[in-house]
Amino acid sequence: MASTRCTDRVVGSILASWRYDISGIHPEMRKDYEGHLADCAHCRSRQKFHRSLDVSLAVLTSLAVLFFLFALAVLKHVKPLDHVAFNVFGLDISDMYHMLFSAGIAGLIFSVIAVVLVFTATPASSYLGGLAAERARLLEERLPAGIKTTRPR
Ligand SMILES: [Zn+2]
């Protein structure tokens, strides 16, 4: 990444300030930036890097939500806490349960807020939607002609 240089520093710095996300710009204005991204390998690689960061954040925060849901399910259905509460911490079972349940709920709320922030503040959702549409188009091209004609448009 450091070996390449931007071909137009003014446009490159504008794109950098937007984290190389031009999805929110009016289509008329977008053409110049799309042209620069097509020409400039530096900005194209930076854009790819920023989109992969967004996708990583989306995946990590979504996994956090799933893990907290799993932890709450474990608290609800498995009872190994009896042993831990008495022998390790010397606590009452109900105190231990309420403490862990509160921590699980707090973690779930924070991770849901993080997911919402990632999907609203970054172009991760539109980027992932674009990837899914591209995949669907590629799969549809590979379908045999007999199936293509029976598919509704
Ligand atoms: Zn550039």
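Residues numbered from 1 in each chain as written. Predicted model: local features only at pLDDT ≥ 70, side-chain atom pairs only at ≥ 80, totals over all residues. Heavy atoms only, no water.

**Describing helix H2 (residues 27-39)**
Owing to its 3.6 residues per turn, the α-helix aligns residues three or four sequence positions apart on the same side. With 13 residues, H2 should reach 18 Å at 1.5 Å per residue; the first-to-last C-alpha distance of 18 Å fits that figure. Within H2, burial applies to Tyr33, His36 and Leu37. Residues of H2 that are buried in the fold lie against helix H1 (9-17) and helix H3 (41-77). (Helix = DSSP H or I, 4+ residues; strand = E, 2+ residues; numbered from the N terminus. Expected span 1.5 Å × (residues − 1). Buried < 20%, exposed > 50% of the residue type's maximum accessible area, 1.4 Å probe, protein only. Contact = heavy atoms within 4.5 Å.)

**Comments concerning H3**
Here H3 spans 53 Å end to end across 37 residues, near enough to the 54 Å set by a 1.5 Å rise per residue. His42, Cys43, His50, Arg51, Asp54, Val55, Ala58, Thr61, Val65, Leu72 and Leu75 are the residues of H3 that are buried.

**What about the layout of surface pockets?**
One simple way to see leftover space: roll a probe sized like a water molecule over the atoms. Considered as a void within the structure, the largest pocket measures approximately 150 Å³ in volume. Lining the largest pocket are Tyr20, Asp21, Ile22, Ser23, Arg30, Glu34, Gln47, Arg51, Pro123, Ser126 and Tyr127. The class makeup of the residues in the lining of the largest pocket is four nonpolar, three polar and four charged. (1 Å grid on protein atoms, 1.4 Å probe; cavity = no way out; pocket = protein on both sides within 12 Å on 5 of 7 lines; lining within 4 Å. Points joined across faces, edges and corners; volume = space filled by probe spheres on them. Nonpolar A, V, L, I, M, F, W, Y, C, P; charged D, E, K, R; others polar.)

**Quick notes on the coordination of the zinc ion**
Around the zinc ion, the protein supplies Cys6 (SG), His36 (NE2), Cys40 (SG) and Cys43 (SG) as donor atoms, at distances of 2.1 to 2.4 Å. For the zinc ion, the four donor atoms in the first shell make angles of 102 to 115 degrees at the metal, a pattern classed as tetrahedral. (Donors = N, O, S within 2.8 Å, 3.2 Å for Na, K, Ca; no water. Tetrahedral: all angles 85-135°; square planar, octahedral: opposite > 155°, others 65-115°.)

**Thoughts on a nonpolar patch on the surface**
A contiguous nonpolar surface patch, about 580 Å² in accessible area, is contributed by Val59, Leu60, Leu63, Leu66, Phe67 and Leu69. Along the chain, the position of Leu60 falls in helix H3. (Patch = residues over 30% accessible without salt bridge, like charges linked within 9 Å, V, L, I, M, F, W, Y side chains within 5 Å. Areas by Shrake-Rupley, 256 points an atom, 1.4 Å probe, with all protein chains shown as cover. Salt bridge = Lys/Arg side-chain N within 4 Å of Asp/Glu carboxyl O.)

**Remarks on the environment of Thr120**
Within the element layout of this structure, Thr120 appears in helix H5 (residues 93-121). Taking the relative accessible area as the measure of exposure, Thr120 reaches 62% and is therefore exposed. Within polar-contact distance, the side chain of Thr120 engages the backbone oxygen of Val116 at 2.8 Å. At a separation of 3.3 Å, a polar atom in the side chain of Thr120 contacts the main-chain carbonyl oxygen of Leu117. (Polar contact = N/O pair within 3.5 Å; in protein donor to acceptor, adjacent residues only side chain to side chain.)

Any functional reading would require information that these geometric values do not contain.
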